[in-house]
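Commentary on secondary and tertiary structure
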Amino acid sequence: MSAKIRVTLGRGKRGYPLEKLGKIAQDTVKFLQDLGGDLGIPSAEQWIADNFSSTHSVVFELSPKADSELWKRGLKSVMARDFSDDVMNVRISPRTRQEYVEIANDLEPDEKIEFALLDGATEAPEVYELDRSAITQFVSERPDYYRYPGEIQGIVHSFVKEAKRPKLVMRELSTRQLVDCYFTKDMYQGAVTLLHDEDAVISVEGVVTEYSSTGLVTEMDVTEFTPAPTFDLEAFERMIGAFPKALTGGRDSAALLDEYRDDDGR
């Protein structure tokens, strides 16, 4: 499916200031590049502008070298300020969404840009208008939190059992944030066994709640607790050198090291 976008500026007017056109084009490319990064689309992806028209407006089309359903989902999520797609909520950063509305910074108060998403089908394209009001709407329309399937790793901080919703409070490893992990009654015994080793690292899967203002996961409805495998230092050391060709490409290790040493032999 095509991710082509038709961009219309200055509808009803003839011509458009070249400097402003250049700035809007630059900001649009920056937004598309960062959106591609959020979606995991290679940064080498290039957007091509063609089909220019200047009859009572400036119209041109942007299209990537490769078509992608992912592009359309991402563009719709941002341009429609649509937070119903949980996958896009997770992958698209607040900064990327902000970059989109900041395209309107160079517009006059009564001016707007039209972005039409084209998919090559016969039905009418989805059209999204962007004007200066979007800058203030962006903050007011952003949801307080997102919910999506996810996983954290951490250490048990505390256990709360005399509550309507029993929970383990986990200390998440990467952020050190405390996360309330709510579990069902049938998971109670499994949760208790996690307390046997006070330093054990636990993987927790479920539906997480992430606050949009901080990007931190604060709670989770758990579907599974899994103790992380214990790191075996001896087994790790036995693996060193087991697959030399994967690192050296078949070359002598000493010769390979010499390539990375400077002229002083360090």
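Scope of this entry: the structure provided in the associated data block. (Residues numbered from 1 in each chain as written. Predicted model: local features only at pLDDT ≥ 70, side-chain atom pairs only at ≥ 80, totals over all residues. Heavy atoms only, no water.)

Attention now goes to the overall build of the protein chain. A count of helices and strands for the protein chain gives 9 helices and 10 strands. In the protein chain, 62% of the contacts between residues at least 6 apart in sequence involve partners at least 24 apart. As presented, the protein chain carries roughly 16200 Å² of accessible surface, and 52% of it is formed by carbon and sulfur atoms. (Helix = DSSP H or I, 4+ residues; strand = E, 2+ residues; numbered from the N terminus. Contact = heavy atoms within 4.5 Å. Areas by Shrake-Rupley, 256 points an atom, 1.4 Å probe, with all protein chains shown as cover.)

Moving on, we come to the environment of D144. Tracing the backbone through its elements, the reader meets D144 in the loop between helix 5 (133-141) and strand 6 (145-160). Between the C-alpha atom of D144 and that of T214, which follows or precedes it by 70 residues, the distance is 9.8 Å.

Right, let's get into the pattern of salt bridges. This model, assessed by the stated rule, comprises 14 salt bridges. Here K23 and D106 are joined by a salt bridge, their closest N and O atoms 3.7 Å apart. Taken as a pair, K23 in helix 1 (residues 18-39) and D106 in the loop between helix 4 (94-101) and strand 4 (113-118) lie far apart in primary sequence, 83 residues in all. For K23, a relative accessible area of 34% gives the class partly exposed. For D106, a relative accessible area of 28% corresponds to the partly exposed category. Salt-bridge contacts for K72 lead to E126; the nearest nitrogen and oxygen are separated by 3.7 Å. Linking K72 in helix 2 (residues 69-79) with E126 in strand 5 (residues 126-130), this pair joins segments that are 54 residues apart in sequence. If you follow the salt bridges from partner to partner, you end up with K20, E108 and E111 in one network. (Salt bridge = Lys/Arg side-chain N within 4 Å of Asp/Glu carboxyl O. Buried < 20%, exposed > 50% of the residue type's maximum accessible area, 1.4 Å probe, protein only.)

In this section: the packing of aromatic side chains. For the structure on display, the rule yields 6 aromatic pairs. Ring geometry for Y100 versus F115: centroids 5.7 Å apart, planes at 55°, classification tilted. Taken together, the residues Y100 in helix 4 and F115 in strand 4 connect sequence positions 15 residues apart. Overall, Y100 belongs to the buried group, its relative accessible area being 1%. Site record: aromatic cluster; members linked through ring pairs are F159, F183, Y188 and F225. Just above the ring of Y182 sits the side chain of R165; from NZ or CZ to the centre is 3.9 Å. (Phe/Tyr/Trp six-rings, centres within 6.5 Å; stacked < 30°, edge-to-face > 60°. Lys NZ or Arg CZ within 6 Å of the ring centre and 35° of its normal.)

With 22 residues, helix 1 ought to run about 32 Å at 1.5 Å a step, and its terminal C-alpha atoms sit 31 Å apart, in line with that. Among all positions in helix 1, only K20, L21, I24, D27, T28, F31, L32, L35, G36 and L39 are buried. Looking one or two residues past helix 1, G40 carries a phi angle of roughly 80°, positive in sign. (Expected span 1.5 Å × (residues − 1).)

This part takes up the nonpolar core. Counting 28 residues, the largest nonpolar core has F31, L75, M79, Y100 and F115 as its most contacted members. Mapped onto this core, the elements with two or more residues apiece are strand 1 (4-9), helix 1, helix 2, helix 4, strand 4 and strand 5. Setting aside chain neighbours within four positions, we find F115 in contact with I5, R6, V7, T28, M79, Y100, I103, E126, V127, Y128 and L130. The next biggest cluster of nonpolar side chains, apart from the first, holds 21 residues, and it includes F183, V204, V208 and V222. (Core = buried A, V, L, I, M, F, W, Y, C linked by side-chain atoms within 4.5 Å.)

Moving on, we come to the sheet that holds strand 10 (residues 217-227). On the basis of which strands lie adjacent, the closed barrel formed by 5 strands has the order 6-7-8-10-9 and mixed pairing. Each strand axis lies, on average, 50° off the axis of its neighbour in the sheet, ignoring direction. When strand 9 (residues 201-211) meets strand 10, the two strands line up antiparallel, connected through 9 bridges. Looking across to strand 10, one finds that T209 is bridged to E219. (Pairing = 2+ DSSP bridges. Axes fitted to C-alpha atoms, helices over the stretch in contact; angles between N-to-C directions.)

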